[in-house]
Amino acid sequence: MQPYVPGEQPKDGRYIKLNTNESPWPPSPAVAAALRGFEPGALRLYPDPDATEFTAAYAAHYGLMPGQVLLCGGSDEALAFAFMAFSDAGDAVYFADITYGFYQVYADLFRLRACTLPLQADFSIRPEDYFCRDGSIFIANPNAPTGMVLPVEAIEQILRRNPDQVVVVDEAYGDFAPGSSCIPLIATYDNLLVVHTFSKSRALAGMRLGAAMGNPALIEGLSRIKYSFNPYNLDSVSLAVGKAAITDRDWFEQATARIIATRERTAAQLCALGFQVLPSGSNFLFARHPGKTGAELYSALRERGILVRHFQKPRIEHFLRITIGAEDDMDTLINTLEALL
Ligand SMILES: *Cc1c(COP(=O)(O)O)cnc(C)c1O
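Residues numbered from 1 in each chain as written. Predicted model: local features only at pLDDT ≥ 70, side-chain atom pairs only at ≥ 80, totals over all residues. Heavy atoms only, no water.

(A) Looking closely at the overall build of the protein. Within the protein one finds 10 helices and 12 strands. Here the C-alpha radius of gyration of the protein, 20 Å, is about what a compact globule of 341 residues would show, namely 20 Å. Looking at the 341 residues of the protein, the share that counts as buried comes to 57%. Sequence separation of at least 24 residues holds for 72% of the intrachain contacts in the protein that already meet a minimum separation of 6. In the form shown here, the protein has an accessible surface area of approximately 14900 Å², with 53% of it arising from carbon and sulfur atoms. Across the protein, the centroid of the 29 positively charged side chains sits 4 Å from that of the 38 negatively charged ones. (Helix = DSSP H or I, 4+ residues; strand = E, 2+ residues; numbered from the N terminus. Rg over C-alpha atoms; globule rule 2.2 N^0.38 Å. Buried < 20%, exposed > 50% of the residue type's maximum accessible area, 1.4 Å probe, protein only. Contact = heavy atoms within 4.5 Å. Areas by Shrake-Rupley, 256 points an atom, 1.4 Å probe, with all protein chains shown as cover. Lys, Arg positive; Asp, Glu negative; His and termini not counted. Charge placed at Lys NZ, Arg CZ, Asp CG, Glu CD.)

Structure follows, in C-alpha cells:
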C-alpha cells in the first residue's frame, strides 16, 4: 500500500505556510465561545452517536432534511465511507488522473480497481469520459490541485448518464466558487453524494469535521458503515464546535469573500510576473513559470521561508500549488518571486 502523504506541517513556525490550503484566520468567534462554554464534565459520557442537534442545524443550513446528511470526522472519513459503502472488492471506481490523492489510496485500501480518466490538455474534465460507467465516480469540484471548476450542468449530465452508479462530488473547495455546488441537485438525483469539509472555508482543519449529503438511502448506506466501524466518530467537543460554526453565516461569508478577493489579486500579480495560472475556484492557485522548474521554485521559496506544495508527478511537476493566505503574506510571496525571477 502507498499511504497518503499529507503536506508538511513544520514544527518551528518559521514559515509562511501556503502548502496545505488551511485558512489564514482563526475560525468564527462562535467557535471560540463554544469552546469556552464547553463543560469538561460532559466528557465523562459518550457523545450522541447520531449527532442529532448538529445534524439538524447542518441540514437546516443547506435546506435539507436531517436524513439527507451524515456528519463525519473530516471529509476524508466521509469519502472513506463512500468507497466502502458503494463498492465491493474488485469493483471499478473512476476518478481523474490528476485529482485529490486520497481517492487512489482509498481505492487500494478497499481493494477496488482504480480507473483513472485523464484530464484534457488544459486540465479540464471532459464530461463524456464519465458517461455510462460501471462503478462509482469521484469528482473533486473544484478539482485539486488544479483549482478548476466543472460547471454544475456537466455534473448533471454525468449523473443522468450513470443512473445506477453513485457519483460522489467532493466540494472541499466549493465555498470558494459561488454557484458551483451540486447540493441543489440532491432533490432530483438519488445517485448524487456531495461531500463537504470544515477544514478549509470554515478554518477548522484541526477539529476534523466533514459531511456527506444525498438521498436518504445513500446516507443510510454510509451510516451502516459508520455504525460498523466507529459509532462515535464525532467527539462531544466537535459536536459543539461544529454546530456553532455552521450557524455563523456572517463570519463565513466575509471570510470566503476575503479569500476570493485575495486570490484574484494574487492571480493577476502572478500573471504579471510571467506565470501561467490556471483559473481557480478554490482557496489556492496552481501556477507555473516558463523560466523555472517547479522543483527550483519550490526550493528557492522554501529557503526564503515560504512553504508551497509541489507534486513530483507527470504533467504537473512544474506547477506550484499556492494556498491563499493573509494579504501581507501574499505580498511577501509576490515580492520574493519578483526578486527570484
Ligand atoms: C482537504 C481536502 C479534503 C479533506 O478534508 P478533511 O475534511 O480535512 O478530511 C477532501 N477532499 C479534498 C479535495 C481536499 O482538498
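(B) Structural detail: the environment of Pro314. Here Pro314 is to be found in the loop between strand E11 (306-308) and strand E12 (319-323). Between the C-alpha atom of Pro314 and that of Ala82, which follows or precedes it by 232 residues, the distance is 28 Å.

(C) Seen up close, the site of the ligand. Close to the ligand lie Gly74, Ser75, Asp76, Tyr100, Asp170, Ala172, Tyr173, Thr197, Ser199, Lys200 and Arg208. With respect to the ligand, the backbone of Asp76 contributes an N or O atom lying 3.0 Å from an oxygen atom. Between Tyr173 and the ligand, the recorded distance is 2.6 Å, taken from a side-chain N or O atom to an oxygen atom. When the residues that make up the shell around the ligand are grouped by side-chain class, the tally is three nonpolar, four polar and four charged. (Near = heavy atom within 4 Å. Polar contact = N/O pair within 3.5 Å; in protein donor to acceptor, adjacent residues only side chain to side chain. Nonpolar A, V, L, I, M, F, W, Y, C, P; charged D, E, K, R; others polar.)

(D) Expanded view of the packing of aromatic side chains. Scanning the model with the defined rule gives 20 aromatic pairs in all. Note on Phe83 and Tyr103: the rings are 6.4 Å apart at their centroids and 35 degrees apart in plane angle, and the pair reads as tilted. Of this pair, Phe83 sits in helix H3 (residues 75-85) while Tyr103 sits in helix H4 (residues 102-109), and the two are 20 residues apart along the sequence. You'll find Phe83 and Tyr103 in the same group, each marked buried. (Phe/Tyr/Trp six-rings, centres within 6.5 Å; stacked < 30°, edge-to-face > 60°.)

(E) Geometry of the sheet that holds strand E4 (residues 113-117). Taken in spatial order, the seven strands of this open sheet run E2-E8-E7-E6-E5-E3-E4, and their pairing is mixed. Because the sheet does not close on itself, it has two edges, and the strands there are strand E2 (69-72) and E4. Ignoring strand direction, the axes of neighbouring strands in this sheet form an average angle of 20 degrees. Strands in contact with H3 are E2, strand E3 (92-96), strand E5 (136-140), strand E6 (167-170), strand E7 (192-197) and strand E8 (210-214); relative to E7, the strand with the most contacts, it is inclined by about 155 degrees. Here H4 sits on the sheet and contacts E3, E4, E5 and E6; the angle it forms with E3, its principal contact strand, is near 170 degrees. (Pairing = 2+ DSSP bridges. Axes fitted to C-alpha atoms, helices over the stretch in contact; angles between N-to-C directions.)

(F) The arrangement of the pairing of E5 in detail. Of all five residues making up E5, five are buried, and the element is well covered by its neighbours. By the alternation rule, side chains of E5 split into Ser136, Phe138 and Ala140 and Ile137 and Ile139, which are all buried. The pairing of E3 with E5 spans two bridges and is parallel. In the sheet register, Tyr94 faces E5, and the bridge partner there is Ile137. As defined by bridge partners, E5 adjoins E6 across four bridges and the pair is classed as parallel.

(G) The sheet that holds strand E9 (residues 276-277), seen in detail. If you walk across this open sheet you meet the three strands as E9-E10-E12, and the pairing is antiparallel. With one partner strand each, in any of the chains shown, E9 and E12 form the two edges of the open sheet. Bridge count for E9 against strand E10 (residues 284-288) is two bridges, and the pairing is antiparallel. Residue pairing in the sheet places Val277 in a bridge with Ala287 of E10. This element, helix H8 (residues 249-272), spans E9, E10 and E12 of the sheet and lies at about 10 degrees to E10.

(H) How the structure looks around helix H7 (residues 236-247). In this model, H7 (12 residues) spans 17 Å end to end at C-alpha, consistent with the 16 Å of a helix rising 1.5 Å per residue. With nine of 12 residues buried, H7 lies mostly within the body of the structure. Looking only at H7, the buried set comprises Ser236, Val237, Ser238, Leu239, Val241, Gly242, Ala244, Ala245 and Ile246. The backbone nitrogen of Val237 has a side-chain oxygen 3.0 Å away, supplied by the residue at the start of H7, namely Asp235. (Expected span 1.5 Å × (residues − 1).)

(I) Summary view of the nonpolar core. Grouped together as the largest cluster of nonpolar side chains are 57 residues, with contacts concentrated most on Tyr58, Leu192 and Met213. The residues touching Met213, leaving out its near neighbours within four places in the chain, are Tyr58, Tyr62, Leu64, Gln68, Val69, Ile183, Ile186, Leu192, Leu193, Val194, His196 and Ile219. Core analysis: the next-biggest nonpolar cluster, separate from the first, contains 31 residues, Ala144, Ile260, Phe275 and Leu301 among them. (Core = buried A, V, L, I, M, F, W, Y, C linked by side-chain atoms within 4.5 Å.)

(J) The packing of H3 against H4, seen in detail. Close contact between H3 and H4 brings their axes to 10 Å; oriented N to C, the two are set at 40 degrees. What the angle tells us is that H3 and H4 run oblique. For the element pair H3 and H4, the recorded crossing hand is right-handed. In this structure, H3 uses Asp76, Glu77, Leu79, Ala80 and Phe83 to contact H4, whose residues at the interface are Phe102, Tyr103, Tyr106 and Ala107. (Parallel < 35°, antiparallel > 145°, perpendicular 65-115°, else oblique. Left-handed = near helix turned anticlockwise from the far one by under 90°.)

(K) Representation of the pattern of salt bridges. Scanning the entire structure with this criterion turns up 12 salt bridges. One salt bridge connects Asp129 with Arg126, and the closest N-O pair in it is separated by 3.0 Å. What makes Asp129 buried here is its relative accessible area of 18%. (Salt bridge = Lys/Arg side-chain N within 4 Å of Asp/Glu carboxyl O.)

None of the figures reported here should be taken as evidence of function without further support.
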